[in-house]
Amino acid sequence: MPINYTTAATDEELRQIMALQRQNLYKNTPAEYQKDQGFTTVEHSFETLKEMNNALPQIIAKDGDTLVGYALVMPRTFGKLVPELVPMFDIVAELDWEGKAIGEQRFYVMGQICVAESHRGQGIFDGLYAAHKKYFSTDFDICVTEVAVRNTRSQRAHERVGFRTIHTYEDYTDVWNVVVWDWS
């Protein structure tokens, strides 16, 4: 059955995002697994995910009825909603992209991407970002996110779909590359 890329429409889909997120959290996975397979950093509450989904639809990948991947969407107004992301939101608006501050451009933040281990290596990561572009490129010119420097699998995958590193910084959780995908 082909993978279906769509937006989260039900509370059950939001709960499936949370379950996949928990399975891949850095605190729930061994260091060797993280190095080879990557990891997620932030654990969202149901209420936060619901609020995010109400503001902009969350992109998901489904294999039949099973959620096998997600790529979260956060408008700039959500900068204070997730404490772990405050440093990135504070930095991003001031960074330059193509000679202009990102804060002066039409951008949003991709909050987190994850593919179920059973479905890795099948192009779902790329498909999730293709869905981002399909759903959001008429309203936004750039997608911004951050990747932990030690998450080399994720960094390579982001570069493969078109992201470019524009800044590196350290906060209280990790060392991060801020990456931009330009659709203009």
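Residues numbered from 1 in each chain as written. Predicted model: local features only at pLDDT ≥ 70, side-chain atom pairs only at ≥ 80, totals over all residues. Heavy atoms only, no water.

Chemist: Break down the overall build of the protein for me, with residues and values.
Modeler: The number of helices and strands found in the protein is 6 helices and 9 strands. Across the 184 residues of the protein, 54% fall into the buried class. Long-range pairs, those at least 24 residues apart, make up 68% of the contacts in the protein with a sequence separation of at least 6. Accessible area of the protein: about 8,700 Å², with a carbon and sulfur share of 49%. (Helix = DSSP H or I, 4+ residues; strand = E, 2+ residues; numbered from the N terminus. Buried < 20%, exposed > 50% of the residue type's maximum accessible area, 1.4 Å probe, protein only. Contact = heavy atoms within 4.5 Å. Areas by Shrake-Rupley, 256 points an atom, 1.4 Å probe, with all protein chains shown as cover.)

Chemist: Describe in detail unusual backbone geometry, supporting the description with residues and values.
Modeler: The phi dihedral of Glu98 falls on the positive side, at around 55°, and the residue is not glycine. By the element assignment, Glu98 lies in the loop between strand E4 (96-97) and strand E5 (100-101). Look at Glu98 and you get exposed, because its relative accessible area is 64%.

Chemist: Explain the sheet that holds strand E1 (residues 4-7) to me, using residue names and the numbers behind them.
Modeler: On the basis of which strands lie adjacent, the open sheet formed by 7 strands has the order E1-E2-E3-E6-E7-E9-E8 and mixed pairing. Either end of the sheet is taken by a strand with one partner, and the two such strands are E1 and strand E8 (164-170). Neighbour-to-neighbour, the strand axes of the sheet open up by a mean angle of 25°, direction not taken into account. In this sheet, strand E9 (residues 175-182) lies alongside strand E7 (residues 142-148) in antiparallel orientation, the contact comprising 7 bridges. Within E9, the residue paired with Thr145 across the bridge is Val179. Sheet strands in contact with helix H1 (residues 11-23) are E1, strand E2 (59-63), strand E3 (66-74) and strand E6 (107-115), and its direction is about 95° off that of E3. (Pairing = 2+ DSSP bridges. Axes fitted to C-alpha atoms, helices over the stretch in contact; angles between N-to-C directions.)

Chemist: Explain the side chain of Gln21 to me, and be specific about the residues and the numbers.
Modeler: Mapped onto the secondary structure, Gln21 falls in helix H1. Of the polar contacts made by the side chain of Gln21, one reaches the side chain of Gln112; its length is 2.6 Å. (Polar contact = N/O pair within 3.5 Å; in protein donor to acceptor, adjacent residues only side chain to side chain.)

Chemist: Kindly report on the packing of helix H5 (residues 124-136) against helix H6 (residues 152-161), identifying the contributing residues and their values.
Modeler: One way to put it is that H5 packs onto H6 with a least axis distance of 10 Å and a crossing angle of 50°. Looking at the two axes, H5 sits oblique to H6. Between H5 and H6 the crossing geometry is right-handed. Mapping the contact onto sequence places Phe125, Asp126 and Tyr129 in H5 and Ala157, His158, Arg160 and Val161 in H6. By residue class, the composition of the contact of H5 with H6 is 4 nonpolar, 1 polar and 2 charged. (Parallel < 35°, antiparallel > 145°, perpendicular 65-115°, else oblique. Left-handed = near helix turned anticlockwise from the far one by under 90°. Nonpolar A, V, L, I, M, F, W, Y, C, P; charged D, E, K, R; others polar.)

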